[in-house]
Amino acid sequence: MEERVRELSLTSRRIHPLQSIWLFLVAAAFVLAQTLSAAAQSRPDTFADLAEKVSPAVVNITTSTTIATNTQPGPIVPEGSPFEDFFNDFMDRNGQGPNGPGMPGGPQRSQALGSGFVISEDGYIVTNNHVIQGADEVMIEFFEGFDLEAKVVGTDPNTDLALLKVDSDKPLRFVAWGDSEASRVGDWVMAMGNPLGQGFSVSAGIVSARGRALSGSYDDFIQTDAAINRGNSGGPLFNLNGEVIGINTAILSPNGGSIGIGFAMSSRVAEKVVSQLKEFGETRRGWLGVRIQDVDEDLADGLGLEEARGALITDVPEGPAAEAGLQAGDVILSFDSVEVDDTRGLVRQVAETDIGKEVRVLIFRDGKTETLRVTLGRREEAERAVPAAVTTTEPETSDIMGLTVSNMSDELREQLGLPEDTEGLVVSDVAEDSEAYEKGLRAGDLITEAGQEKIATVAELQSRIDEAKEAGRKSLLLLVRREGEPRFVALSLEES
């Protein structure tokens, strides 16, 4: 019996031949995956093969611009003076004399340098708008050593991108777009261009950060420590597959030289902009037709939101959103089935959505959510001028929440340059030690809503304050307008 038990025990530890093969294959696959992953993440031994592969598609750009010169007369040398010939020769050699292009009142030629890259064999070239802006002539120097004159197909100042076109007798070498969204912080990248006018040059580094914003509404910059200097503008930022994932655009530097903080507009943004410039010669961005602001913790509390996210609508001018029924005070939580975290994300998403598309917009209104359908318009056709500035009025005596406010009157409407039907409370003073001052309210502001209800008198403002306290709110939401621009501000009820 003991021997039988020992035999069963040994049998139970035996591995079937097929099971053994399966385990071996799994182990081999795991080792191979680890090896490939390590190889992909390790620093390449050299960038030479990659540089050789993509160099023919990278170009240097030289622009020429005619500029006016100083019309003030130069030094006067008496006719017949022994210094007359010497002076004229000196001025001619420097292009400033009677025989030079820079004679007083005459035009001069100014040159600038930049970079770019070819995206199709028929001669389309991408660069920065600031590289070619205002240029009379754009010359393209190719890696092989020949030059071609380019014409501007279209530009987009909002993303600082431009599309050029050259005519060539033979197909041109070009590079393809890559997926900037697939790039990760720490990935190797290579920049190419014409830094400081030194000609074709290569630098390498890593992705330092993604999703950087500088100053534009549509910014989506890749930050890199690959050396980028003046003249690199418009050049490509490559991944290790030789695909363009960014357009080198700007650097952060106290001295004008590279200190390892460079920015390249992501291919996610650039590819769509360039496609529109190629097809239409201009951009065609989607337009929702709302003014919005971010939702902070105080605003979320004032609105009754569980978390501080979304885009709070401050105004709805005539346009797609108004036609669909969106209102000031609504919070946009999702757009076209994509969650909205903040205003920047919403602006970018709307701009990248096709004009005329009907989208679902999930909003939070009056404590509950609802979905509206909006057909997008075109932003470029809807942009309007900024309204005139508002002036301040004389102080009144009603002090609430650190604010001195007064009821609207015909005299105030005239002083402020407001339409005859304008209603609301005019802020004539703000206590500098108050929360209202800290959050940017100033004399001259107009308060048109409190607690998401219109107000026209101080008494109505006090009623909204009392209602908010009774509802257990910690803050009150005010709709404030300045120079025609609305924004919501949440003020603590402790100061009321």
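All of the points below concern the structure found in this document. (Residues numbered from 1 in each chain as written. Predicted model: local features only at pLDDT ≥ 70, side-chain atom pairs only at ≥ 80, totals over all residues. Heavy atoms only, no water.)

### Some remarks on the sheet that holds strand β12 (residues 262-266)
Pairing within the closed barrel is antiparallel, and its 6 strands lie in the order β7-β8-β9-β12-β11-β10. On average, each strand axis in the sheet is inclined to that of its neighbour by 45°, with strand direction left out of account. Relative to the sheet, helix α6 (residues 267-280) contacts β11 (244-251) and β12, its axis offset from that of β12 by approximately 50°. (Pairing = 2+ DSSP bridges. Helix = DSSP H or I, 4+ residues; strand = E, 2+ residues; numbered from the N terminus. Axes fitted to C-alpha atoms, helices over the stretch in contact; angles between N-to-C directions. Contact = heavy atoms within 4.5 Å.)

### Comments concerning the nonpolar core
If you look at the biggest cluster of nonpolar residues, it comprises 28 residues, and the most contacted ones within it are Phe-117, Ile-119, Val-126, Trp-177, Met-190 and Phe-238. The set of elements that each furnish at least two residues to this core consists of α3 (48-54), β3 (124-128), β6 (161-165), β7 (188-193), β11, β12 and α6. No other element matches α6, which puts 5 residues into this core. Among the nonpolar cores identified, the runner-up in size contains 22 residues, and Ala-450, Ile-455, Val-458 and Ala-468 belong to it. (Core = buried A, V, L, I, M, F, W, Y, C linked by side-chain atoms within 4.5 Å. Buried < 20%, exposed > 50% of the residue type's maximum accessible area, 1.4 Å probe, protein only.)

### Focus on the pattern of salt bridges
Applying the stated rule across the entire model yields 26 salt bridges. Here Glu-181 and Arg-268 are joined by a salt bridge, their closest N and O atoms 3.7 Å apart. With Glu-181 in the loop between β6 and β7 and Arg-268 in helix α6, the pair connects residues that are 87 residues apart, well separated along the chain. You can call Glu-181 partly exposed: its relative accessible area is 41%. Accessibility expressed as a relative area gives 22% for Arg-268, which makes it partly exposed. Taken together, the shared-partner salt bridges in this structure form one network comprising Asp-156, Glu-282, Arg-284, Arg-285, Arg-378, Glu-380 and Glu-381. (Salt bridge = Lys/Arg side-chain N within 4 Å of Asp/Glu carboxyl O.)

### Regarding the packing of aromatic side chains
Within this structure, the stated rule accounts for 5 aromatic pairs. Between Phe-117 and Trp-177, the ring centres sit 5.7 Å apart and the planes meet at 85°, which makes this aromatic pair edge-to-face. Of the two residues, Phe-117 is situated in strand β2 (residues 107-118) and Trp-177 in the loop between β6 and β7; the sequence distance between them amounts to 60 residues. For the pair shown, Phe-117 and Trp-177 are each scored as buried. Taking NZ or CZ as reference, Arg-284 lies 3.8 Å from the ring centre of Phe-280, over its face. A cation sits over an aromatic face here: Arg-442 above Tyr-437, 3.6 Å from the ring centre. (Phe/Tyr/Trp six-rings, centres within 6.5 Å; stacked < 30°, edge-to-face > 60°. Lys NZ or Arg CZ within 6 Å of the ring centre and 35° of its normal.)

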